[in-house]
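Now for the letters of each chain:
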Amino acid sequence: MINKIVPSAAEAVADIFDGATVMIGGFGEAGSPIELIHRLIDLGTKNLTIVSNNAGSGNVGLAALIENRQVKKMICSFPRTANSTVFPELYNKGEIELELVPQGTLAERIRAGGAGIPAFFTPSSVNTPLAEGKELRLFNGKPFVMEQAIIADFALVRCHMADRYGNLTYYKTARNFGPIMCTAAKTTIAQARRVVQAGMIDPEAVVTPGIFVSRVVEISNPEDESKLVAEKRRYPC
Amino acid sequence: MINKIVPSAAEAVADIFDGATVMIGGFGEAGSPIELIHRLIDLGTKNLTIVSNNAGSGNVGLAALIENRQVKKMICSFPRTANSTVFPELYNKGEIELELVPQGTLAERIRAGGAGIPAFFTPSSVNTPLAEGKELRLFNGKPFVMEQAIIADFALVRCHMADRYGNLTYYKTARNFGPIMCTAAKTTIAQARRVVQAGMIDPEAVVTPGIFVSRVVEISNPEDESKLVAEKRRYPC
Amino acid sequence: MLNTAIEIGWSRKEMAQKAALDIPDGSYVNLGIGIPELIAEFVPPGIEVIYHTENGLLGMGPVPEKGQEDVELINAGKKYITAIPGACYFHHADSFAMIRGGHIDISVLGAYQVSKEGDLANWSTGEPGAIPAVGGAMDLVAGVKSVWVITDHNSKDGKAKLVHECAFPLTGKAVVDRIYTNLAIIDVTEKGLRVRELAPGVTMEYLQEHTEAPL
Amino acid sequence: MLNTAIEIGWSRKEMAQKAALDIPDGSYVNLGIGIPELIAEFVPPGIEVIYHTENGLLGMGPVPEKGQEDVELINAGKKYITAIPGACYFHHADSFAMIRGGHIDISVLGAYQVSKEGDLANWSTGEPGAIPAVGGAMDLVAGVKSVWVITDHNSKDGKAKLVHECAFPLTGKAVVDRIYTNLAIIDVTEKGLRVRELAPGVTMEYLQEHTEAPL
């Protein structure tokens, strides 16, 4: 019987290795798999390349992972937010690398990685510094830049419901990068607010088909990252 | 107020012009917008380029459109099915053109058209006659072929539920090409089994966001194409 | 200079209102962070506009009432929002397919600089020590049918924002169609910047004095 | 020749059963049209296999009972199917993303010819007058982790199907990993075709006589 449910977040992330590329879902706090990230901090894995839209807030979640010096490089679109201090500080000291990618190109590169498309052309970033060094090409007389797929060793996402097959649904704008990241990693780990019996999720409403998910862990009451940030809490919390 | 509901299939398709490229949803009979196709036959528009996975069955729907000599060219992956006689006959007489595309490449080219991606690389068809004349390129030492987006003037699809904004859901495997075709046409026309109030479709379960849809027509009891074919019925029926 | 400008020109709310009145009924609109966010408040009754927020929602509604905020229902500026009946959620690749594929009618953005050809610089001042962050701006200007900028006419230190050529790194080249400032509404045309409307008390001479690019 | 082969070899059902027993528990499998479709019947109890059908369903169940058919619930061969609890539907681009992206474990396909290097020809005999039709075969062989072929060992007119080089247009080059025929189970290895199992009554000599490619 297929059963992707694992009993704890610690077990779910236990094989993330030094030097791995890890996609982390979420747009700001919404959809950020904070419990999985905290267990990754417990694990202490080093030299990670993190693919995530932002670079964390306050001193919890992704920001705490960075603060703990586990991250060698960030691939993201917006590493500067109101409550983001950890990344900027390390970046200005030259202690963390940054690959800045337009948000839509980031999403499409991840989607391409999951879909077996090694490269594609996009109009985004043409004539800007972010297209420098990349191949340009005209289609119908208009310039496009070639962008390559991103594939990760692991993806950590937060979803709403999950079943033993790994079928997932999401909640409102917490969906964001979750579905595409699930497709683009060798091992995808989802923390779900609720694990349900197979068949309980409407087959028309499954957002991530189970084939894309390796492990599911139920975290019924995830920490509210924005609240932790507002309260200036620090990992471990 | 936004209201994309139109009163009849005839009005919905009335502006399809000679020489237009028209995407038609469906995989075999499942999801084929037969009423919209029949009204397009009534309209008599000529020299159409049709993008559709198959080339119709029996003498109704897409097959009848072809039989009525309205189609100059088919872009499809599988124009030969058990009950398909109209297309093979015209093709063998040299009276209709065919661009044969692997099914996954067809889907991805349509998706790319809707997503503003002019071209992408795929491993499908490499080293086969269908890759001849196309640009090949190595990524990580493996060969890929460059394929270009398909965009249409019109898309005709069949869906399950729709609202006045054009939000759509589908029914089981009738979903197939509908969602991607909706995104890749200048004007998208959907026939829905049921039109519901805005807000009645769960926002988490909308498959085609209304932004991709131009017109919706309610056809509560669509013809069952497979039954018509089995009964050897002919358009008009 | 900024103070003077504000005294004789439009307020931020008035700028937003001017832009709001120009949005055609039935438009799909993406509003950037800052002044553009104010626009939704001023769309007149009877006009239905659907707001897209690139983090994955079509049909963004007004700010929630106090206590009704949902931490997982936010806009691209990471502010709490609501969803209208008929809204729908989708993932980031689908969201940017809407943008890049030309399905959004209007994008309203802020700006550091706009050139006379409609080049836009709004993501980086290129200063050392500034953390570069781009978000969805480059995708929006590359994909959306019509790109409007809404910005103070001059920077806080009094420099012109409408320039011959952008000194800051570009977000996109020849992408801006219209500019709403506190002093005027200006179209970007093939022949350069063309004034559409002057704010009360602003003369063409005054406007040109505060603008590097020829009008 | 075909008759002889069938008398001493496996039946179609036995071929399907042989393949079914080789599918690991928990696999995601796409079954092609024809003999491959029979495989699902023979997967032993206790082994859970999830079937993908490229027209948009993961979790394909058995053939529906008479009268329970749904014209909108079909497989890639356009036959009526059912869906298991825990199934899900998706559109074609997502379905082929699963295939192309390497997420499906096993694809079982029919064949006109397979070469000793694992080249597959299964979509066109290249004959004049034949309507070319490719469907999803090229995507499956390009993307699925393991590609198995299940086919009669020889064609209806007695010709070898396991050949030095495919004469028919290719579906893919060096893509086949294993071949199930009525005479044998054969692996495609770097050193060529390697017999894994002979059907009852079939000798290596007999098999080689009916095979163009060296074994």
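Residues numbered from 1 in each chain as written. Chains lettered and ligands numbered in written order. Predicted model: local features only at pLDDT ≥ 70, side-chain atom pairs only at ≥ 80, totals over all residues. Heavy atoms only, no water.

Participant: Residues and numbers for the interface of chain C and chain A, please.
Facilitator: Residue-level contacts link 36 residues of chain C with 45 residues of chain A. Approximately 3,400 Å² of surface area, both sides summed, lies buried where chain C meets chain A, with 63% of it carried by carbon and sulfur atoms. One can count three salt bridges joining chain C with chain A. For Arg100(C), the salt bridge identified is with Glu108(A), shortest N-O distance 3.9 Å. For the side of chain C that touches chain A, the secondary-structure elements that each account for two or more residues are α4 (92–100) and α5 (137–143) of chain C. Per-element tally for the side of chain C that touches chain A: the top contributor is α4(C), with four residues. Across the side of chain C that touches chain A, the residue classes break down as 19 nonpolar, ten polar and seven charged. (Contact = heavy atoms within 4.5 Å. Buried area = accessible area lost by both parts, 1.4 Å probe. Salt bridge = Lys/Arg side-chain N within 4 Å of Asp/Glu carboxyl O. Helix = DSSP H or I, 4+ residues; strand = E, 2+ residues; numbered from the N terminus. Nonpolar A, V, L, I, M, F, W, Y, C, P; charged D, E, K, R; others polar.)

Participant: Run through the pairing of strand β3 (residues 57–61) of chain C, naming residues and quoting values.
Facilitator: Across a regular strand the side chains alternate sides, sitting on one face of the sheet and then on the other. All names here are of chain C. Judged by how many residues are buried, β3 sits mostly within the fold: five of five residues are covered. With two bridges joining them, strand β2 (residues 50–53) and β3 adopt antiparallel strand pairing. Following the sheet pairing, Thr53 is matched in β3 by Leu57. Counted between consecutive antiparallel strands, the loop separating β2 from β3 contains three residues, among which Gly56 sits at a positive phi close to 125°. The pairing of β3 with strand β4 (residues 82–89) spans four bridges and is classified as antiparallel. What sits directly across from Leu57, in β4, is Tyr89. (Buried < 20%, exposed > 50% of the residue type's maximum accessible area, 1.4 Å probe, protein only. Pairing = 2+ DSSP bridges.)

Participant: Got a sec to walk through the pattern of salt bridges? Specific residues and values, please.
Facilitator: Residue and element names in this part refer to chain B. Evaluated as defined, the whole model comprises 53 salt bridges over all chains. We note a salt bridge from Asp15 to Arg215, for which the minimum N-O separation is 2.7 Å. Pair noted here: Asp15 is in the loop between α1 (9–13) and β1 (21–24) and Arg215 is in strand β10 (residues 215–218), with a separation of 200 residues, a long-range link. In this structure Asp15 comes out as partly exposed when scored by relative accessible area, which is 36%.

Participant: Describe in detail the interface of chain D and chain A, supporting the description with residues and values.
Facilitator: At the junction of the two partners, chain D supplies 21 residues and chain A supplies 22 residues. Its largest share of buried area at the contact with chain A, chain D owes to Glu48(D), Tyr89(D) and His103(D), together 31% of the area lost on that side. Joining chain D to chain A, the criterion identifies one salt bridge. For Glu48(D), the salt bridge is made with Arg164(A), and the minimal N-O distance between the two is 3.0 Å. Contributions of two or more residues to the side of chain D that touches chain A are made by β4 (82–89) and α4 (92–100) of chain D. The dominant element in the side of chain D that touches chain A, judged by the number of residues it contributes, is β4(D), at six residues. Residue composition of the side of chain D that touches chain A, grouped by class: 13 nonpolar, five polar and three charged.

Participant: Before we move on, can you summarise the pairing of strand β2 (residues 48–51) of chain A with the specific residues and values?
Facilitator: Residue and element names in this part refer to chain A. Here β2 shows a buried face lined by Leu48 and Ile50 and a second buried face lined by Thr49 and Val51. Where strand β1 (residues 21–24) meets β2, three bridges bridge the pair, whose relative direction is parallel. The residue of β2 that forms the bridge with Val22 is Ile50. At this point the chain moves from β1, through helix α2 (residues 34–43), to the parallel β2, and the crossover so formed is right-handed. Relative to strand β3 (residues 71–76), β2 is paired through four bridges, and the arrangement is parallel. By the bridge assignment for β3, Ile50 is matched with Met74. (Right-handed = clockwise from strand over helix to strand, strands pointing away.)

Participant: Can you break down the packing of aromatic side chains residue by residue, with the values?
Facilitator: This model, assessed by the stated rule, comprises 13 aromatic pairs over all chains. Ring plane angle 45° and centroid distance 6.2 Å describe the contact between Phe121(A) and Phe121(B), whose orientation is recorded as tilted. Of this pair, Phe121(A) sits in strand β5 (residues 119–122) while Phe121(B) is found in strand β5 (residues 119–122), placing the two residues in two different chains. Each of the two residues, Phe121(A) as well as Phe121(B), counts as buried. Each member of the aromatic cluster is reached from another via a ring pair, and the members are Phe121(A), Phe139(A), Phe144(A), Phe121(B), Phe139(B) and Phe144(B). Here the guanidinium or amino end of Lys78(C) rests over the ring plane of Phe27(A), the centre of that ring lying 4.4 Å away. (Phe/Tyr/Trp six-rings, centres within 6.5 Å; stacked < 30°, edge-to-face > 60°. Lys NZ or Arg CZ within 6 Å of the ring centre and 35° of its normal.)

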